[in-house]
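What follows is each chain in one-letter form.
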Amino acid sequence: MQQTDDKQLQAKPLASWNEGAAKQSIIDFVKRVTTEASPDFVPVSERIAVFDNDGTLWCEQPVIQLAHILDRWVEMAQQNPALRDQQPWKAAVNKDMTWFRTAITKHYGGDESDMPAIAKGVLSAFEGLTTEEFAKRVAAFFRTETHPKLKRLYRDCGYKPMVELLRFLEAHGFTNYIVSGGGRDFIRQIAGEIYGIPQERVIGSSTSIAFREQGDGGDLLMKPKLDVFDDGAMKPTRIWSRIGKRPIFAAGNSNGDIPMLQFANKPPRPAFRLLVLHDDAAREFDYVSGAEKSLALAKQYGWTVVSMKNDWTLVFASEEGIQ
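Let us look at the structure shown here. (Residues numbered from 1 in each chain as written. Predicted model: local features only at pLDDT ≥ 70, side-chain atom pairs only at ≥ 80, totals over all residues. Heavy atoms only, no water.)

1. Describing empty space enclosed by the protein
Going by this rule: For cavity detection a 1 Å grid was placed over the protein atoms alone, and a set of points counts as a cavity when a 1.4 Å probe fits there but cannot get out; an open set counts as a pocket when protein lies on both sides within 12 Å along at least five of seven lines, with lining residues being those that have an atom within 4 Å of a point. Grid points are joined across faces, edges and corners, and a volume is the space filled by probe spheres set on the points. Each residue gets one label: Ala, Val, Leu, Ile, Met, Phe, Trp, Tyr, Cys and Pro are nonpolar, Asp, Glu, Lys and Arg are charged, and the others, such as Gly, are polar.
Enumeration over the complete set of coordinates arrives at one cavity of 30 Å³ or more. The space that makes up the largest cavity amounts to roughly 50 Å³. If you go around the largest cavity, the residues you meet are Asn253, Val276, Leu277, His278, Tyr287, Val288, Ser289, Ala291 and Leu295. Within the lining of the largest cavity, the residues separate by chemical class into six nonpolar, three polar and no charged.

Structure, rendered in C-alpha cells:
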C-alpha cells in the first residue's frame, strides 16, 4: 500500500493544491534536495521538516485547545463561584470569545498583559490528573465536540492540503515534526489520526509533571506549573533539544513562528520557509492579525506564502456544512 501511495504522490503530488507559484516552489525544492546529482542534495537523515500546528495544520479560530479548556473552566466556575469574577473563568462563563481573541492578538503583537491570567487558568485546569486521565478527556473531546462555524467535529478541522504536503514530504525521505505553542500532550492524542505523525514527534508547550509511586507501579501527575511555553524564540531551542538537528523545511502562519522559520535557514544549505495565509472567509476565515511581522519578512526574504483562497482547491477533506 505504501508503494502505491508513493507512486500516486509522485504522479500527482499535492492534489488539493491549485497549480501556481506556491505549489511549484514546493515541488521544485523537494526535487532539488532529493536529487543526488543536484548541488542542493540533502541526505535523508538531514531532511527534517517542522510544522506549527494552530493555523498551519488545523484552524485556530477558536484555538481548538482553548475550546477544550473553556469547558473545564466553566466546570471549575460551577464548583467555585468566586472564579466567575476572575479572568479567564469570567470570559469562559460569559462565552466572551472576543476577550480571548484580543488577548492572543495582543500576545503576537508583543503585549503580554493578559497572558498571566490565561497561564494561571491553563495551569490549574487539569491539576492533579494523571497523564492517562488527561488523554481520555482529550480523546472524548475530539469524538464529541463540534466547531461553532465549520459545523464539523474538531478532529475534522485539519487542512487537507497540508496533510497532503506531509505525505508528499514523507514520500521523499523527510521526517515531519509538529512544533506548536499548543499543548504537547493535547496534540499528541490526535496527531496520528489527523496528520499521521506519531506522538514522539510532537513538540509543544507543557506543564510540569511529577511521578507518584504506588506500590510496584506509579503514575505521572499534572502539576500547576509551566514547564515550557513553546512559542517564538523557544521553538528553535526546543527543536534542537528534542531533535538535535536544524530543519530544512519549516511551515507556520504567525509572528510566533518567525524564529522557527529563521532557524531553518543556514546557507549554503538549502531551506524552504512557508506561511499559510488565512484569506478565505467563505471556507475558513479571513484575517492577518498576529501575522503582520511574518508576512512582512516573507516579502522581504522571499518565503513562500500560501493563500488558502487561491492556492487550495479544498481546505478540509469535506467542505460541507460551511456557509
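2. Topic: the environment of Met222
To keep it simple, the criterion reads: To qualify as a helix, a DSSP run of H or I must reach at least 4 residues; to qualify as a strand, a run of E must reach at least 2; elements of each kind are numbered from the N terminus. Throughout, a residue-residue contact means that at least one pair of heavy atoms, one from each residue, lies within 4.5 Å.
Inspection of the secondary structure puts Met222 in strand E4 (residues 218-228). As for Met222 and Phe211, which are separated by eleven residues in sequence, their C-alpha atoms are 9.2 Å apart. When neighbours within four sequence positions are excluded, Met222 is seen to be in contact with Phe126, Glu127, Gly128, Leu129, Phe134, Thr207, Ser208 and Ile209.

3. Examining the sheet that holds strand E7 (residues 304-307)
Which entries qualify depends on this criterion: One requirement defines pairing of two strands: DSSP has to find at least two bridges between them. Note on definitions: angles span 0 to 180 degrees between N-to-C directions of axes, and those axes are lines fitted to C-alpha atoms, for helices only across the stretch in contact.
If you trace the seven strands from one edge of the open sheet to the other, you get E4-E3-E2-E1-E5-E6-E7, paired in mixed fashion. The sheet terminates laterally at E4 and E7, the two strands that pair on one side only. The sheet shows a mean angle of 30° between the axes of neighbouring strands, taken without regard to direction. Against the sheet, helix H10 (residues 234-243) touches strand E1 (48-51), strand E2 (175-183), strand E3 (202-213) and E4, its axis set at about 60° to E3.

4. Observations concerning the state of the cysteines
Rules: When the sulfur atoms of two cysteines come within 2.5 Å, that pair is taken as a disulfide. Each residue gets one of three labels from its accessible area relative to the maximum for its type: buried under 20%, exposed over 50%, partly exposed in between, using a 1.4 Å probe on protein chains only.
For the coordinates displayed, the defined rule picks out zero disulfides. Not engaged in a disulfide, the cysteine Cys59 finds its nearest cysteine sulfur in Cys157; these two sulfurs lie 4.0 Å apart. Given the relative accessible area of 0%, Cys59 is considered buried. Accessibility expressed as a relative area gives 0% for Cys157, which makes it buried.

5. Details of the layout of surface pockets
The space that makes up the largest pocket amounts to roughly 1200 Å³. Residue lining of the largest pocket: 50 residues in total, with Val63, Met115, Gly181, Gly182 and Phe229 positioned closest to the centre. Mapped by element, the contributors of at least two residues to the lining of the largest pocket are helix H3 (64-79), helix H5 (97-108), helix H6 (115-125), E2, helix H9 (184-195), E3 and E4. The dominant element in the lining of the largest pocket, judged by the number of residues it contributes, is H5, at seven residues. Computed from the structure, the second largest pocket encloses a volume of approximately 420 Å³.

6. A word on H6
Buried residues of H6: Ile118, Gly121, Leu123, Ser124 and Ala125, and no others. Against the buried residues of H6 lie H3, helix H4 (89-93), H5, E3 and E4.

7. With respect to the pairing of strand E5 (residues 249-252)
Basically, it comes down to this: Crossovers are described as right-handed under a simple rule: with the strands pointing away from the observer, the path leading from the first strand over the helix to the second runs clockwise.
Neither face of E5 is left uncovered, since the one carrying Phe249 and Ala251 and the one carrying Ala250 and Gly252 both have all their residues buried. Direction of pairing for E1 relative to E5: parallel, over a ladder of three bridges. Residue pairing across strands places Phe51 opposite Ala251, the latter belonging to E5. Sheet topology note: the E5/strand E6 (residues 272-277) ladder contains four bridges and is parallel. Note on E6: the bridge partner recorded for Gly252 is Leu275. The β-α-β motif built from E5, the intervening helix H11 (residues 258-263) and the parallel element E6 has right-handed crossover chirality.

8. A look at the environment of Ser294
Note that Ser294 resides in helix H12 (residues 292-301). Placed 19 residues apart in sequence, Ser294 and Leu275 show a C-alpha to C-alpha distance of 7.9 Å. Ignoring anything within four residues of it in the chain, the contact list for Ser294 reads Asn253, Ser254, Asn255, Ile258, Leu275 and Trp303.

9. So, the side chain of Ser206
Residue placement: Ser206 occurs in strand E3. For Ser206, a relative accessible area of 5% translates into the label buried. Residues contacting Ser206, with those up to four places away along its chain left out, are Arg184, Leu226, Asp227 and Val228.

10. Some thoughts on the side chain of His278
Basically, it comes down to this: As used in this structure description, the phrase polar contact means that two N or O atoms lie within 3.5 Å; if the pair is within protein, one of them must be able to donate a hydrogen and the other to accept it, and residues adjacent in sequence are counted only when both atoms belong to side chains.
For His278, the location among the structural elements is in the loop between E6 and H12. Of the polar contacts made by the side chain of His278, one reaches the side chain of Asn253; its length is 3.4 Å. Here His278 is in contact with Gly55, Glu60, Tyr159, Asn253, Glu284, Phe285, Asp286, Tyr287 and Met308, once residues within four sequence places are set aside.

11. Describing helix H7 (residues 131-144)
Here is the rule we go by: The length a helix should cover is 1.5 Å for every residue beyond the first.
In a regular helix each residue adds 1.5 Å, so 14 residues correspond to 20 Å; H7 covers 20 Å between its end C-alpha atoms and thus fits that length. In the core, the buried residues of H7 are packed alongside H3, H9 and E4.

12. A few points about a nonpolar patch on the surface
Note the cut-off: Residues qualify for a patch when their relative accessible area is over 30% and they have no salt bridge, like charges being joined within 9 Å and the nonpolar side chains of Val, Leu, Ile, Met, Phe, Trp and Tyr within 5 Å. Only the protein chains shown count as cover for residues, and all accessible areas are computed by the Shrake-Rupley method using a 1.4 Å probe. When a carboxyl oxygen of Asp or Glu lies within 4 Å of a side-chain nitrogen of Lys or Arg, that pair is called a salt bridge.
Taken together, the side chains of Ile209, Phe211 and Leu220 present a nonpolar region at the surface, about 280 Å² in accessible area. Positionally, Ile209 belongs in strand E3.

13. Some remarks on the pattern of salt bridges
By the definition in use, this model includes 13 salt bridges. Ionic pairing is found between Glu170 and Arg167, a salt bridge with its closest N-O pair at 2.9 Å. Here Arg167 and Glu170 lie together in helix H8 (residues 160-171), a separation of three residues that amounts to about one turn. A residue is classified by how much of its surface remains accessible, and Glu170, at 30% relative accessible area, is partly exposed. For Asp280, the salt bridge identified is with Arg283, shortest N-O distance 2.6 Å. Across this residue pair, the class does not change: Asp280 and Arg283 are buried. Taken together, the shared-partner salt bridges connect Asp52, Lys235 and Asp257 into one network.

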